[in-house]
Amino acid sequence: MARGRFITFEGIDGAGKTTQIDALQRLIESARIEVVRTREPGGTPLGEKIRGLLLGDEMTPRTETLLFFAARYEHVEQVIRPALARGAWVLSDRFTDATYAYQTGGKGMSGADVEALEAWTLDGFQPDVTVLFDLDPVVAAQRRTSRAGEGDRFERESQAFFTRVREAYLDRAQRDPKRFLMVNAEDTPDVIQAQLEKEFKPWL
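Rules used in this analysis
Residues numbered from 1 in each chain as written. Predicted model: local features only at pLDDT ≥ 70, side-chain atom pairs only at ≥ 80, totals over all residues. Heavy atoms only, no water. Helix = DSSP H or I, 4+ residues; strand = E, 2+ residues; numbered from the N terminus. Rg over C-alpha atoms; globule rule 2.2 N^0.38 Å. Buried < 20%, exposed > 50% of the residue type's maximum accessible area, 1.4 Å probe, protein only. Contact = heavy atoms within 4.5 Å. Areas by Shrake-Rupley, 256 points an atom, 1.4 Å probe, with all protein chains shown as cover. Lys, Arg positive; Asp, Glu negative; His and termini not counted. Charge placed at Lys NZ, Arg CZ, Asp CG, Glu CD. Core = buried A, V, L, I, M, F, W, Y, C linked by side-chain atoms within 4.5 Å. Expected span 1.5 Å × (residues − 1). Arc of directions from axis to C-beta. Axes fitted to C-alpha atoms, helices over the stretch in contact; angles between N-to-C directions. Parallel < 35°, antiparallel > 145°, perpendicular 65-115°, else oblique. Left-handed = near helix turned anticlockwise from the far one by under 90°. Pairing = 2+ DSSP bridges. Nonpolar A, V, L, I, M, F, W, Y, C, P; charged D, E, K, R; others polar.

What about the overall build of the chain?
Then step 1. Looking only at helices and strands, the chain has eight helices and five strands in total.
Then step 2. What you see in the chain, going N to C, is helices and strands ordered as β-α-β-α-α-β-α-α-β-α-α-β-α.
Then step 3. Scaling as 2.2 N^0.38, a compact globule of 204 residues should have a C-alpha radius of gyration of about 17 Å, and the chain matches this with 16 Å.
Then step 4. Over its C-alpha atoms, taken along the principal directions, the chain stretches across nearly 45 × 35 × 35 Å.
Then step 5. Across the 204 residues in the chain, those meeting the buried criterion constitute 49%.
Then step 6. Long-range pairs, those at least 24 residues apart, make up 79% of the contacts in the chain between residues at least 6 apart in sequence.
Then step 7. When the accessible surface of the chain is split by element, carbon and sulfur atoms take 50% of a total near 9900 Å².
Then step 8. Once the 28 positive and 33 negative side-chain charges of the chain are each reduced to a mean point, those two points are 2 Å apart.

Details of the nonpolar core
Then step 1. Among the nonpolar cores identified, the biggest contains 44 residues, and Y102 and V131 are the most heavily contacted of them.
Then step 2. At six residues, the largest contribution of residues to this core is made by helix 7 (residues 159-175).
Then step 3. When residues no more than four places from it in sequence are discounted, the contact partners of V131 are I7, T8, F9, E10, L181, V183, L196 and F200.
Then step 4. Of all hydrophobic cores here, the second largest spans twelve residues; its members include F6, I80, V90 and L122.

Quick notes on helix 5 (residues 111-122)
Then step 1. For helix 5, built from twelve residues, the straight-helix expectation of 16 Å at 1.5 Å per residue is met to within 8% by its first-to-last C-alpha distance of 16 Å.
Then step 2. Residues of helix 5 that are buried include every one of V114, L117, E118, T121 and L122, and no others. Around the axis of helix 5, the buried residues are gathered within 105° of arc, so they sit on the same side. Relative to its buried face, helix 5 has exposed residues pointing more than 90 degrees away, namely A112 and W120.
Then step 3. Contacts made by the buried residues of helix 5 are with helix 3 (61-85), helix 4 (96-106) and helix 7.
Then step 4. In the stretch just after helix 5, D123 is the one whose phi turns positive, near 50°.

Some remarks on the packing of helix 1 (residues 17-30) against helix 8 (residues 189-200)
Then step 1. Helix 8 packs onto helix 1 with a crossing angle of 40° between their chain directions and a minimal axis gap of 10 Å. Here helix 1 is positioned oblique relative to helix 8, judged by the angle of their axes. As helix 1 packs across helix 8, the resulting crossing turns out to be right-handed. Contact residues: Q20, A23, L24 and L27 in helix 1; P189, I192, Q193, L196, E197 and F200 in helix 8.

A short note on the sheet that holds strand 4 (residues 129-134)
Sheet strands pair via backbone hydrogen bonds, and the direction of the pair is either parallel or antiparallel.
Then step 1. Pairing in this open sheet of five strands is parallel, and the strands run 2-3-1-4-5 from one edge to the other. Of all the strands in the sheet, the pair left with one neighbour each is strand 2 (35-39) and strand 5 (180-184). With strand direction ignored, the average angle separating the axes of adjacent strands in the sheet is 20°.
Then step 2. Taken together, the four bridges between strand 1 (residues 6-10) and strand 3 (residues 89-93) define a ladder with parallel strand orientation. In the sheet register, I7 faces strand 3, and the bridge partner there is L91.

Digging into the pairing of strand 3
Here is the key point about a regular strand: its side chains alternate between the two faces of the sheet.
Then step 1. Most of strand 3 is tucked away: five of the five residues are buried.
Then step 2. Side chains of strand 3 alternate between two faces, with W89, L91 and D93 and V90 and S92 buried alike.
Then step 3. As defined by bridge partners, strand 2 adjoins strand 3 across five bridges and the pair is classed as parallel. When the sheet's bridge partners are listed, R39 is paired in strand 3 with D93.

Quick look at the packing of helix 3 against helix 5
Then step 1. Relative orientation of the contacting elements helix 3 and helix 5 amounts to 25°, with a least axis distance of 10 Å. Taken together, the axis directions place helix 3 and helix 5 in an arrangement best described as roughly parallel. Every pair of crossing elements has a handedness; the one defined by helix 3 and helix 5 is right-handed. Counted together, R62, T65, L66, F69, R72, Y73, V76 and R81 of helix 3 and D113, V114, L117, E118, T121 and L122 of helix 5 form the full contact between these two elements.
Then step 2. Among the residues forming the contact of helix 3 with helix 5, the class breakdown is seven nonpolar, two polar and five charged.

These values are about where atoms sit, not about what they do.
Below you can see the structure in the form of structure tokens.
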């Protein structure tokens, strides 16, 4: 059986990833391929407990980073690798690029430290494609404001924080352009969906 595909979706909060993950899942399932839909932090019982801590409790950036990678290691070993081995496609809302962007751009962590943890925990394991929804932080803030509720502690960060996160995402994408698929998140959902279908239909 052929190995499945691992696709991750990235972008600052408010970029509109969920709608497009839903659409891509329907497209893949229409080809009678199993889809495993997951998210980070989370994806496993332990990962969901860690998610609750990360999104709700105040902590230092270094503690955050270590917890992100602890949850990720469990996620990869318990969910992602087994799914790929049986031929399923894995769609993950965030992965290591989010940790890099939020912790180095947003929180000021050393990029070398984050990448060292990535190398240690993942040993070179990467998504086949990372879809990066690029969005002006001003527009993203307007979208977050329109949502019900006050959001988690990351979503409540300042516009300057998200500007730095966006810049870190773009830096990461520039250094690995073959893996990243750039999406203008200010386009309409229909335009974005058509772009993703054009990219992924040949794989089906």
